[in-house]
Amino acid sequence: MESEVKPEELLFAESHEWIHVNDVDGEKIGTIGISAHAVEALSDVVYMELPEVGARVAREESFGEVESVKATSDLFSPVDGEVVEVNTGLPDNLEVLNSDPYGAGWIIKVKLTDDQGLAKLLDHGAYESQCS
Amino acid sequence: MSTASTALQLTPLSQWHSQHGARMVDFAGWSMPLQYQSVIQEHHQTRQSVGLFDVSHMGRFFFYGDDVGQWIDGLMTRRIAGVDSGKIRYSLVTNQNGMILDDVLVYHLTSDGPFEPSSADGKDFYMVVVNASNREKLADWFQSAIPAGSDIRLVDRTTETAMIAVQGPQANTIVGGISSINPDALPYYGGKVAKVADHWAIVSRTGYTGEDGCELIVDAQVAKELWEKLMGPAEAVGGGASGLAARDTLRLEAGMPLYGHELSEQINAASTGLGFAINHKGRNFCGDAAIKKMCEQQTEPVRVGLELAGRRPAREGCPVLVDGQKIGALTSGTLSPTLGKTIAMAYLRQEFAAVGTPVEVDIRGKFQAAKVVKLPFYQRPKKE
């Protein structure tokens, strides 16, 4: 189901995370991942440090880390909220970041406590032009 | 992502790298290829077949004069005086306090071509390959150590030459295929002035990957031609260009120190575990007394290898602890592509440096179990 989301339906942070917000039983649930461009730039991702369910995340603050052979990079949350689901299988299956960054490569799901930050995010076209 | 800026120095191969998709980075003021595609793939191709590395940023000093061997011996932790022509020595250069100014290769060669333009063929000369980041410092250091009235001359030929490392089990066959000598015929850490694709070159059986192979020093003008002549046969056997990122993971697996990480002016040569490169017997060199004293005191931290649990790489600067007490810090760390394990080098207090000692590594607030292991992490299989 997640694989059917197209990049055009996502919002992007300048720091290369994406978010897709759904209404679930009246709550706004944001699925968060990192862009194909980020995956390519990182190359050779070998490890991810992910938060626990229940952890609070804050806009533009680190919620985890992605490690390539060469370097450590922070993962920044595009929104304020609480982690409701973590893709715990991802660290053992990192190649899906390459093969399906906008689907099976999702990282966390967050219950938004404030959706004001969404307005500051980029649509796919604006994000692509930032990266080009 | 950074791209080459005009302020950075270019090697004769920089354009080739950019044209072949390399991610270029500033390395000690040079625009160098970090990686072409995948670091892990460039690492594996070097272990399994052959990797070509542009290492032209390394400084290349040529020394001429009658007493170079005797003179430079006084500046090296390793014996150089009396070493036969054709041999290469890994050495540290230390100051009066035994602190490390650089780690270098000292070549003693006999001219057979244009690498000694000012005297007749058949004359000996010396070459010292230094780290790019230390080139100016070392040029000044050597220059100021030349005694007044001596005929010793230092010529920095870094920019007029190029240096290509060809590393891996297929390396010598590939170089031998276009050269007047097969590097296999050289002893390990041996070198010779020879012809590669009809161009004069210094061919040495040296490297920084833990693999067999060789390094070529050639005139800058022919570097691209030679690189391309090697690339075809390399790709035919599953090899190819490898960047500095793979060079770093390869040298780390091989337990080799990197200046700025395991070696620096804050570290005494006695701490490095590089005993093979320090020779006090019947000779004096700059810093010898301080190094000897430090060896006897046994109070300085020592360099060790660590293997960590889990797959999370630990990086330079991460504290190392025993019972919650800091006993040292990491100088390099990565996930080893060959071993599939998280490895690191660190300086630890001597009482915790024994192989097998369990420690913890503080990775940004999370504690990862680790243990001291023997260096190197990886040793290439012996040839039949």
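Only a predicted model underlies this, so the values are computations on that prediction, with no experimental measurement involved.

Regarding the overall build of chain A
Here's step 1: A tally of regular secondary structure across chain A gives 3 helices and 10 strands.
Here's step 2: Each helix and strand of chain A, ordered N terminal to C terminal, gives the series β-β-β-α-β-β-β-β-β-α-β-β-α.
Here's step 3: The C-alpha atoms of chain A give 14 Å as radius of gyration, which agrees with the globular expectation for 132 residues (14 Å, within 12%).
Here's step 4: Within chain A, the proportion of its 132 residues that are buried is 38%.

What about the overall build of chain B?
Here's step 1: Scanning chain B from N- to C-terminus turns up 8 helices and 19 strands.
Here's step 2: Over its C-alpha atoms chain B spans a radius of gyration of 21 Å, differing by no more than 12% from the 21 Å that the globule rule assigns to 384 residues.
Here's step 3: Dimensions of chain B, computed from C-alpha atoms along their principal axes, come out at roughly 65 × 50 × 50 Å.
Here's step 4: Sorting the 384 residues of chain B into buried and exposed places 48% on the buried side.
Here's step 5: Long-range pairs, those at least 24 residues apart, make up 65% of the contacts in chain B with a sequence separation of at least 6.

Points about the domain arrangement of chain B
Residue and element names in this part refer to chain B.
Here's step 1: Partitioning chain B into domains gives domain 1 (14-56 + 159-253), domain 2 (60-156) and domain 3 (301-384).
Here's step 2: The C-alpha centroid of domain 3 is placed 29 Å from the C-alpha centroid of domain 1.
Here's step 3: Taken together, the contact pairs 10 residues of domain 1 with 11 residues of domain 3.
Here's step 4: Broken down by secondary-structure element, the contributors of at least two residues to the side of domain 1 that touches domain 3 are helix 2 (39-48) and helix 7 (244-253).
Here's step 5: With 4 residues, the single largest contributor to the side of domain 1 that touches domain 3 is helix 2.

So, the interface of chain B and chain A
Here's step 1: The partner chain A presents 10 residues to the 13 residues of chain B that form the contact.
Here's step 2: Contributing elements (two or more residues each) for the side of chain B that touches chain A: helix 2, helix 7 and strand 16 (325-335) of chain B.
Here's step 3: Residues of the side of chain B that touches chain A, tallied by class, amount to 6 nonpolar, 4 polar and 3 charged.

Quick look at the sheet that holds strand 7 (residues 72-76) of chain A
Adjacent strands of a sheet form backbone hydrogen bonds with each other and so pair up, either parallel or antiparallel.
Residues and elements named next belong to chain A.
Here's step 1: The antiparallel open sheet is built from 3 strands, whose spatial order is 4-6-7. Strands at the two margins of the open sheet, each flanked by one partner only, are strand 4 (45-49) and strand 7. Shown here is a sheet whose adjacent strand axes are inclined to one another by a mean of 25°, direction ignored.
Here's step 2: In this structure, strand 4 lies alongside strand 6 (residues 62-68), joined through 4 bridges in antiparallel fashion.

Quick notes on the sheet that holds strand 3 (residues 27-34) of chain A
Here's step 1: Strand order in the open sheet made by the 7 strands is 5-8-9-3-2-1-10 (chain A), with antiparallel pairing throughout. Here the strands that pair on one side only, and so sit at the sheet edges, are strand 5 (56-57) and strand 10 (122-123) of chain A.

Quick word on the pairing of strand 8 (residues 80-86) of chain A
All names here are of chain A.
Here's step 1: Sheet analysis places strand 5 next to strand 8, joined by 2 bridges and oriented antiparallel. Paired with Val 57 across the two strands is Gly 81, which belongs to strand 8.
Here's step 2: Relative to strand 9 (residues 108-114), strand 8 runs antiparallel, the two being bridged by 6 bridges. Counterpart to Glu 85 in the pairing with strand 9 is Lys 109.

Topic: the environment of Gly 30 of chain A
Residues and elements named next belong to chain A.
Here's step 1: One can find Gly 30 in strand 3.
Here's step 2: Classification of Gly 30 as buried rests on a count of 24 C-beta atoms within 10 Å.
Here's step 3: Between the C-alpha atom of Gly 30 and that of Lys 111, which follows or precedes it by 81 residues, the distance is 6.4 Å.
Here's step 4: Other than its neighbours up to four places away in sequence, Gly 30 contacts Ile 19, His 20, Val 21, Val 79, Gly 81, Lys 109, Val 110 and Leu 112.

Structural notes on the nonpolar core
Soluble globular proteins tend to pack their nonpolar side chains together in the buried interior.
Here's step 1: In this structure, Val 106, Ile 164, Val 166 and Leu 216 of chain B are the most contacted members of the largest nonpolar core, which totals 69 residues.
Here's step 2: It is strand 6 (residues 100-110) of chain B that provides the largest number of residues to this core, a total of 7 residues.
Here's step 3: Ignoring any residue separated from it by four or fewer positions in sequence, one finds Val 166 of chain B in contact with Val 50, Leu 52, Ala 171, Ile 174, Val 175, Gly 213, Cys 214, Leu 216 and Leu 230 of chain B.
Here's step 4: Judged by nonpolar contacts, the second largest core, of 43 residues, contains Met 48, Val 57, Val 69 and Leu 97 of chain A.

A few points about helix 6 (residues 223-236) of chain B
Residue and element names in this part refer to chain B.
Here's step 1: The terminal C-alpha atoms of helix 6 lie 20 Å apart, and with 14 residues this matches the ideal 20 Å at 1.5 Å per residue to within 8%.
Here's step 2: Those residues of helix 6 that fall on the buried side of the exposure criterion are Ala 223, Leu 226, Trp 227, Leu 230 and Ala 234. The buried side chains of helix 6 occupy one side of the element, clustering within an arc of 95° when seen end-on. Among the exposed residues of helix 6, those pointing more than 90 degrees away from its buried face are Glu 228, Gly 232 and Ala 236.

Describing unusual backbone geometry
Residue and element names in this part refer to chain B.
Here's step 1: The omega torsion of the bond from Leu 375 to Pro 376 falls at 0°, within 30 degrees of zero and hence cis.
Here's step 2: Here Pro 376 lies in the segment after strand 19 (366-373).
Here's step 3: Despite not being glycine, Tyr 189 has its phi angle at roughly 60°, a positive value.
Here's step 4: Checked against the element boundaries, Tyr 189 lands in the loop between helix 5 (171-176) and strand 10 (191-196).
Here's step 5: One non-glycine residue with positive phi stands out, namely Asp 323, at about 50°.
Here's step 6: Mapped onto the secondary structure, Asp 323 falls in the loop between strand 15 (319-322) and strand 16.
Here's step 7: The exposure class assigned to Asp 323 is exposed, which follows from the 7 C-beta atoms found within 10 Å.

Quick notes on the rules
Chains are numbered independently. Their residues run from 1 in the order of the written sequence. In the order they appear in the text, chains get letters beginning with A and ligands get numbers beginning with 1. Reporting of local features is limited, given that this is a predicted model, to residues whose pLDDT is at least 70; pairs of side-chain atoms are given and counted only at 80 or more, and all residues count toward the totals for whole chains, interfaces and linings. Labels follow the DSSP assignment, with helices taken as runs of H or I lasting at least four residues and strands as runs of E lasting at least two, numbered in each case from the N terminus. The globule rule used for comparison is 2.2 Å times the number of residues to the exponent 0.38, while the radius of gyration itself is calculated over C-alpha atoms. With C-beta atoms placed from the backbone, the exposure class of a residue follows from how many other C-beta atoms lie within 10 Å of its own: 20 or more, buried; 12 or fewer, exposed; in between, partly exposed. Any residue pair is listed as a contact if its two C-beta atoms, each placed from the backbone, are within 7 Å. Boundaries of every domain are those given by an automatic assignment or by a domain database. Note that Gly is not counted as nonpolar here; it falls among the polar residues with everything else outside the nonpolar set of Ala, Val, Leu, Ile, Met, Phe, Trp, Tyr, Cys and Pro and the charged set of Asp, Glu, Lys and Arg. The criterion for strand pairing is that DSSP finds at least two bridges linking the strands in question. An axis is simply a line fitted to the C-alpha atoms; with a helix, the fit covers only the stretch in contact. Between two such axes, the angle follows the N-to-C directions and lies from 0 to 180 degrees. To form a nonpolar core, buried Ala, Val, Leu, Ile, Met, Phe, Trp, Tyr and Cys residues must be joined through C-beta atoms within 7 Å. For a helix, the expected span equals 1.5 Å multiplied by the residue count minus one. Each direction from the helix axis to a C-beta atom contributes to the arc, which is the arc of those directions.

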